[in-house]
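# Chains, contacts and geometry: an overview
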Amino acid sequence: SVPSGKLYPIRNGIPRFVEPSAYNSSWDYKWTSIDQGKGLNYRILDKNDPAYRIHDLFDRNSYNGRAFRHAEDRLALDVGCGIGQYTIKLLQEVKPAKVVSMDLTGGVDIFRKIMFERFPEYRRRILIVQANVFQMPFRDDVFDYAFSLGVLMHTGNTRKAIRQVARVLKVGGQINVWVYGAVSVHIDNEEPDRTVAMTLGRFIPRGAFYILAMFQIRMFRKLPHGVAVATIKIFSSELWYRLCRLPVAGYLFRALFATVMHPDRDYRYINNYDGWCNNWAETWTEGELFPTLVDANVVILGISEWPTGIWGVKQLEFYR
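We now turn to the structure provided with this report. (Residues numbered from 1 in each chain as written. Predicted model: local features only at pLDDT ≥ 70, side-chain atom pairs only at ≥ 80, totals over all residues. Heavy atoms only, no water.)

### Side note on the packing of helix α6 (residues 158–167) against helix α12 (residues 286–295)
Between two packed helices, what matters for the description is the angle formed by their axes and the separation of those axes. Here is the rule: Lines fitted to C-alpha atoms define the axes here, with helix axes fitted over just the stretch in contact, and angles between the N-to-C directions of these axes take values from 0 to 180 degrees. Per the convention used, a helix needs a DSSP run of H or I reaching at least four residues, while a strand needs a run of E reaching at least two, with both numbered from the N terminus. Working rule for angles: under 35 degrees goes down as roughly parallel, over 145 as roughly antiparallel, 65 to 115 as roughly perpendicular, anything else as oblique. The crossing is said to be left-handed when, going from far helix to near helix, the turn is anticlockwise and less than a right angle, and right-handed when the turn is clockwise. The contact rule is simple, with two residues in contact once any of their heavy atoms fall within 4.5 Å. Put simply, Ala, Val, Leu, Ile, Met, Phe, Trp, Tyr, Cys and Pro go in the nonpolar bin, Asp, Glu, Lys and Arg in the charged bin, and everything else, Gly too, in the polar bin.
Orientation of α6 relative to α12, taken along the N-to-C sense of each, is 30°, at an axis distance of 9 Å. Comparing their axes, α12 and α6 come out roughly parallel. Judged by the sense of rotation from one axis to the other, the crossing of α6 with α12 is right-handed. Contact residues: α6 offers R159, I162 and R163, while α12 offers E288, L289, T292, L293 and D295. The residue makeup of the contact of α6 with α12, split by class, is three nonpolar, one polar and four charged.

### A word on a nonpolar patch on the surface
Heads up, the condition is: Nonpolar side chains (Val, Leu, Ile, Met, Phe, Trp, Tyr) are joined into patches within 5 Å and like charges within 9 Å, using only residues with over 30% relative accessible area and no salt bridge. Only the protein chains shown count as cover for residues, and all accessible areas are computed by the Shrake-Rupley method using a 1.4 Å probe. What makes a salt bridge here is a side-chain nitrogen of Lys or Arg within 4 Å of a carboxyl oxygen of Asp or Glu, nothing more.
A grouping of L212, F215 and M219 is seen on the molecular surface, where their side chains present a nonpolar patch of about 270 Å² in accessible area. Mapped onto the secondary structure, F215 falls in helix α7 (residues 200–222).

### As for the sheet that holds strand β8 (residues 298–303)
Condition: A pair of strands is treated as paired once DSSP finds two or more bridges between them.
Pairing in this open sheet of seven strands is mixed, and the strands run β5-β4-β3-β6-β7-β9-β8 from one edge to the other. Looking along the sheet, the strands with just one partner apiece sit at the ends: β5 (126–130) and β8. With strand direction ignored, the average angle separating the axes of adjacent strands in the sheet is 20°. With six bridges connecting them, strand β6 (residues 143–149) and strand β7 (residues 169–178) associate as parallel partners. Across the sheet, the residue bridging to F147 is N176, located in β7. Relative to β7, α6 is tilted by about 145°, and along the sheet it contacts β3 (75–79), β6, β7, β8 and β9 (309–314).

### Things to note about α12
Defined as follows: Categorising residues by exposure relies on relative accessible area from a 1.4 Å probe, with only protein chains included: less than 20% of the type maximum marks a residue as buried, more than 50% marks it as exposed, and the intermediate range marks it as partly exposed. Starting at the helix axis, one direction is taken to each C-beta atom, and the arc is that of these directions.
Residues of α12 that are buried: L289, T292 and L293. Seen along its axis, α12 keeps its buried residues to an arc of 105°; they face one direction. The exposed set on the far side of α12, more than 90 degrees from its buried face, consists of G287, P291 and D295. On the buried face of α12, the contacting elements are α6, β8 and β9. Positive phi appears at N297, one or two residues downstream of α12, with a value of about 60°.

Spelled out as structure tokens, the structure:
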């Protein structure tokens with residue numbers, strides 16, 4: 001809840017409960033300096049666009065549509081809405097009565113611009129709010145449905161963020177979250193009906209790739225921001241994209257820097273920046289998050305086939 005007697009500004013039609021960019025300036029740069037209203041991440045929603053196969057979070061966490069049905073004709077919350085592509089998708093497919101779309105960054109202004117230019121029919125069904133997930137300006141037990149796809153692992157405290165999202169849900173309300181999945185390693189793989197063959201020849205290159213990626217991410221975080229941006233631009237270039245597409249040799253270039261394999265340079269740039277320059281990008285397994293769900297009274301209804309996504313319902317006393 002908003003503290004009694006404290007005033008918060010409304011700028012550009014958006015209530016502001018946090019200072020611009022707050023604790024994660026890379027998010028702010030991504031939307032206000034790279035996207036600037038292009039709506040690059042709306043490509044994710046187009047099944048004919050290569051971006052859909054790369055970053056299709058909405059459909060892969062829909063559980064054949066069942067996970068979003070609870071939002072129909074109800075009050076929904078999009079936590080970390082960015083420029084709003086999933087808010088729009090929810091309105092198009094499920095038709096909630098209202099969606100509160102919340103983000104920490106200036107992405108809210110980009111979203112408002114896109115909404116008025118491309119989706120004016122939804123402007124009275126969306127409330128855009130700039131706020132911090134750890135200090136959300138909402139009472140307990142308000143929303144019927146809350147979702148956050150590809151955001152909470154960037155907050156610096158994923159578990160606390162999930163608890164906060166569950167806090168504002170009504171009892172009986174549903175939550176749908178997806179965060180980066182941790183790499184699982186199969187110790188044994190001998191049963192005849194197993195479909196994943198983790199041979200030594202497959203494990204070594206896969207493990208080497210993740211070790212290299214971990215090193216690169218930490219390197220980019222230590223670089224001055226301007227240097228990191230200039231480097232990301234080089235690896236998002238048309239030349240690097242073509243090198244990565246070469247037969248055989250392309251594997252080497254992708255090992256040196258795994259650029260997003262999309263033909264549009266701007267889409268590569270914004271998502272390479274997102275992947276390599278975020279302050280936090282924690283990876284999680286379902287088992288690690290389960291105690292947090294118990295603590296937040298979230299009962300699991302489904303686990304995404306694309307780790308790590310969890311769909312659940314807030315239900316008191318289930319774990320008692």
